[in-house]
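Single-letter residue listing:
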Amino acid sequence: CPGGSKKLMQESGVAVQRFFVAETASEARAAARRLNAKEIVVKAQILAGGRGKGLFDSGLRGGVHLTKDPAVVGELAEQMLGFNLTTKQTPKEGVKVKTVMVAEALDISRETYFAILMDRSCNGPVLVGSPQGGVDIEEVAAKSPELIFKEVVDIVDGVRDEQALRMAANLGFKGPLERQAADQIKRLYDLFLKVDATQVEVNPLGETPEGRVVCFDAKINFDDNAEFRQKDVFAMDDMTESDPTETEAAKYDLKYIGLDGNIACFVNGAGLAMATCDIIDLHGGKPANFLDLGGGVKESQVYQAFKLLTADPKVEAILVNIFGGIVNCAIIANGITKACRELELKVPLVVRLEGTNVEEAKRILSESGLPITAAHDLDDAAKKAVASIAKH
């Protein structure tokens, strides 16, 4: 979401630059005047890194620009808004920029790195920091591991004063700045808990010549399982940059990832879905997608899943692989027959069902009169799916 992490940090009392988010060049100009700052930074808002070195199809180089003139802010916004920005992390056609952030530019005399992560080996949150910020932290970890500092947080006690002060000192903050940085660290931890984050990464956590500690740039990841109690946070999710099929699938609690093959996979459970993709590949086929139905399957979900799969023009065959533990195979079979009839399926369909109520499911499919190829195990199913394309 445009300016989302800065907004959340601001609401939690974390020190950030003053900023506005603009959707038009005139809004950007007005924002620059309202900031009344010595220098202004204009940032294209897309969900990808490497913006500073990116290229717009308007010809403008760089998605981050500094200027002292509010009029120039409007000119920059005109060359950013509505145009595609390509960076090393975007698709090759780039991503359309719909908003820009107009912020007060502050001088940074020193850059540090600070993050709060969930660490499985510690069974909880860990503070991670380095006095070398503003650069790729993976490089620092590889070249100078002694410059990475960690503090394991007790989930009940939270961040203790001495931990926050020790981290601030390790980050190189001195004198009164040490206490100021420790205060920011504690506020960031409060935010981490409040929004059910799995990661809060600030790079850089900077020091200004005026003696302020400021969070200049941040990335926050959230726990998907907390959506029910973080409605406002999840409402900020900008779906326009997501794959439309993935977004549609999520509406029905289906996990979908598009791939570039031609055999559609329809599976329950992520592990089984990965194995299905691998076995198709092993027999000379290429999976068109990864689709995980999950555990509590309803007939309507089966129908919607088929609708998504058949809408993909690349799909030349569909392989259904269900191992019913929690899942009732008969529900899947009913969903499949309904989908085949209503969507007038035009591609070969191979079905392998195993587990709960499987005999009833097999009866439903065989009595449906539909051209469904049954398979007795996963290997057999993959071979038949690959063979069906050769015949089709």
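Keep in mind the model is a prediction, meaning the values are calculated, not measured.

Reading the values: the criteria
Residues numbered from 1 in each chain as written. Predicted model: local features only at pLDDT ≥ 70, side-chain atom pairs only at ≥ 80, totals over all residues. Heavy atoms only, no water. Helix = DSSP H or I, 4+ residues; strand = E, 2+ residues; numbered from the N terminus. Contact = heavy atoms within 4.5 Å. Pairing = 2+ DSSP bridges. Axes fitted to C-alpha atoms, helices over the stretch in contact; angles between N-to-C directions. Parallel < 35°, antiparallel > 145°, perpendicular 65-115°, else oblique. Left-handed = near helix turned anticlockwise from the far one by under 90°. Phe/Tyr/Trp six-rings, centres within 6.5 Å; stacked < 30°, edge-to-face > 60°. Buried < 20%, exposed > 50% of the residue type's maximum accessible area, 1.4 Å probe, protein only. Disulfide = S-S within 2.5 Å. Nonpolar A, V, L, I, M, F, W, Y, C, P; charged D, E, K, R; others polar. Salt bridge = Lys/Arg side-chain N within 4 Å of Asp/Glu carboxyl O. Expected span 1.5 Å × (residues − 1). UniProt positions renumbered as here; feature names shortened; annotations may be inferred.

1. As for the side chain of Q184
- Examined against the element boundaries, Q184 turns out to sit in helix α6 (residues 176-194).
- Apart from the residues lying within four places of it in its own chain, the contact partners of Q184 are G13, V14, A15, V213 and C215.

2. Quick notes on the pairing of strand β8 (residues 110-119)
- Sheet topology note: the β8/strand β11 (residues 197-207) ladder contains seven bridges and is antiparallel. Across the sheet, the residue bridging to L117 is Q199, located in β11.
- Bridge analysis of β8 against strand β9 (residues 124-130) gives seven bridges, and the strand direction is antiparallel. Its bridge partner lying in β9, I116 is registered against L127.
- Between β8 and β9, which pair antiparallel one after the other, the connecting turn spans four residues, and N123 there sits at a positive phi close to 55°.

3. Some details on the packing of helix α10 (residues 299-310) against helix α11 (residues 329-343)
- Running from N to C, α10 and α11 point in directions that differ by 45°, and their axes come no closer than 8 Å. Put simply, α10 runs oblique to α11. Of the two elements, α10 crosses α11, and the hand of that crossing is right-handed. Mapping the contact onto sequence places E299, V302, Y303, F306, K307 and T310 in α10 and I331, I332, N334, G335, I336, K338, A339, E342 and L343 in α11.

4. Describing the packing of aromatic side chains
- Under the definition given, this model contains three aromatic pairs.
- An angle of 20° between the planes, with centres 6.0 Å apart, marks the rings of Y189 and F192 as stacked. One end of the pair, Y189, and the other, F192, are both in helix α6, three residues apart, so they sit about a helical turn from each other. Side by side, Y189 and F192 carry an identical accessibility label, which is buried.

5. Re the state of the cysteines
- Applying the stated criterion across every chain, the model contains zero disulfides.
- A disulfide-free cysteine, C340 has its sulfur positioned 16 Å from the sulfur of C329, the nearest such atom.

6. Thoughts on unusual backbone geometry
- The omega torsion of the bond from N203 to P204 falls at 10°, within 30 degrees of zero and hence cis.
- In this fold, P204 is placed in strand β11.
- Although it is not a glycine, D196 adopts a positive phi angle of roughly 55°.
- In this structure, D196 sits in the loop between α6 and β11.
- Under the relative-accessibility criterion, D196 is labelled buried at 16%.
- In the Ramachandran plot, E344 falls in the positive-phi region, its phi being about 45° despite a non-glycine side chain.
- E344 gets classed as exposed once you look at its relative accessible area, which sits at 54%.

7. A closer look at the sheet that holds strand β7 (residues 100-104)
- Strand order in this open sheet of four strands is β1-β7-β2-β4, and the pairing throughout is antiparallel. Since the sheet does not close on itself, it has two edges, and those belong to β1 (19-22) and β4 (64-67), each with one partner. Recorded for the sheet is a direction-independent mean angle of 20° between the axes of neighbouring strands.
- Two strands pair when backbone bridges link them, and β1 and β7 are joined in this way by four bridges, in the antiparallel orientation.

8. A word on the packing of α11 against helix α12 (residues 358-366)
- Close contact between α11 and α12 brings their axes to 7 Å; oriented N to C, the two are set at 15°. Between α11 and α12, the crossing angle belongs to the class labelled roughly parallel. Remark: the crossing between α11 and α12 carries right-handed chirality. Facing α11, whose interface residues are C329, A330, A333, N334, I336 and T337, α12 presents V358, E360, A361, I364 and L365.
- A class-by-class count of the residues in the contact of α11 with α12 yields eight nonpolar, two polar and one charged.

9. Quick look at the pattern of salt bridges
- As enumerated under the stated definition, the model contains 21 salt bridges in all.
- Where E11 meets K7, a salt bridge forms, and the shortest distance between an N and an O atom there is 3.4 Å. Of this pair, E11 and K7 both sit in helix α1 (residues 4-11), four residues apart, which is roughly one turn of the helix.
- Residue class for K7 comes out partly exposed when judged on its relative accessible area of 40%.

10. Some remarks on α10
- The end-to-end C-alpha distance of α10 is 17 Å, a good match for the 16 Å that 12 residues give at a rise of 1.5 Å each.
- Every buried residue of α10 is accounted for by Q301, V302, Y303, Q304, A305, F306, L308 and L309.

11. Description of the UniProt feature "binding site: GTP" (unreviewed entry) in the protein
- The sites that UniProt annotates as "binding site: GTP" (unreviewed entry) are Q17, G50, R51, G52 and L106.
- Position of G52 among the secondary structure elements: in the loop between β2 (40-44) and β3 (55-56).
- Exposure remark for G52: the relative accessible area of 47% places this residue in the partly exposed category.
- The residues touching G52, leaving out its near neighbours within four places in the chain, are G62, G63 and V64.
- Counting through the fold element by element, L106 comes out in the loop between β7 and β8.
- Under the relative-accessibility criterion, L106 is labelled buried at 17%.
- Beyond its immediate sequence surroundings of up to four residues, L106 is in contact with Q17, T208, R212, V214 and F216.

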